[in-house]
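Understanding the architecture of this molecule
Here is how the chains run, residue by residue.
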Amino acid sequence: MNENIFIRNEKIAQKVINGLKSRNMSGYYASSAEEAKNIALGLIPEESVVTMGGGMSVHEIGLVEALRNGNYYFIDRDKVEDRSEEHMTPIFSSQAAMP
């Protein structure tokens with residue numbers, strides 16, 4: 001990536017992160033996919049129940065694969081064929097009871 005674009009993106013990210021902090025929220029900046037994946041994994045305690053929406057970025061950075069293979073109870077929406085409320089409610093209820 002062009003160095004000027006990298007510097008610009010970092011400055012914009014820091015401005016957004018500071019805005020989030022002023023509203024008692026956290027934000028993170030990662031300069032690479034690997035760094036983004038590691039930040040996300042660092043925020044998720046092992047043995048946590050984890051699911052997510054259908055974002056492509058999480059696939060692209062390897063986060064989904066890391067959750068599938070890590071020490072997490074990952075509810076993989078890509079592998080659930082029936083996503084109706086009747087089907088999903090028992091899944092979430094039983095997962096929430098996990099240690």
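What counts, and where the lines are drawn
- Residues numbered from 1 in each chain as written.
- Predicted model: local features only at pLDDT ≥ 70, side-chain atom pairs only at ≥ 80, totals over all residues.
- Heavy atoms only, no water.
- Helix = DSSP H or I, 4+ residues; strand = E, 2+ residues; numbered from the N terminus.
- Expected span 1.5 Å × (residues − 1).
- Polar contact = N/O pair within 3.5 Å; in protein donor to acceptor, adjacent residues only side chain to side chain.
- Core = buried A, V, L, I, M, F, W, Y, C linked by side-chain atoms within 4.5 Å.
- Buried < 20%, exposed > 50% of the residue type's maximum accessible area, 1.4 Å probe, protein only.
- Contact = heavy atoms within 4.5 Å.
- Salt bridge = Lys/Arg side-chain N within 4 Å of Asp/Glu carboxyl O.

Given a rise of 1.5 Å per residue, 19 residues ought to cover 27 Å, and the 27 Å separating the end C-alpha atoms of helix H1 (residues 3-21) matches this to within 8%. Two or three places before Asn4, at the start of H1, stands the capping residue Asn2, its side-chain oxygen 2.7 Å from that residue's backbone nitrogen.

Further remarks concern the nonpolar core. Soluble globular proteins: nonpolar side chains tend toward being buried together. Listed in full, the eight residues of the largest apolar core are Ala40, Ile44, Val50, Leu63, Val64, Leu67, Tyr72 and Phe74. The element that contributes the greatest number of residues to this core is helix H4 (residues 63-69), accounting for three residues. Apart from residues lying up to four places away in sequence, Leu63 is in contact with Lys37, Ala40, Leu41 and Val58.

All told, the structure shown has three salt bridges when counted by the stated rule. The salt bridge involving Glu34 is made with Lys37; its shortest N-O contact spans 3.5 Å. Remark: Lys37 and Glu34 occur in helix H2 (residues 33-43); sequence separation between them is three residues, near one turn of the helix. The network of salt bridges with shared partners includes Glu65, Arg68 and Asp76.

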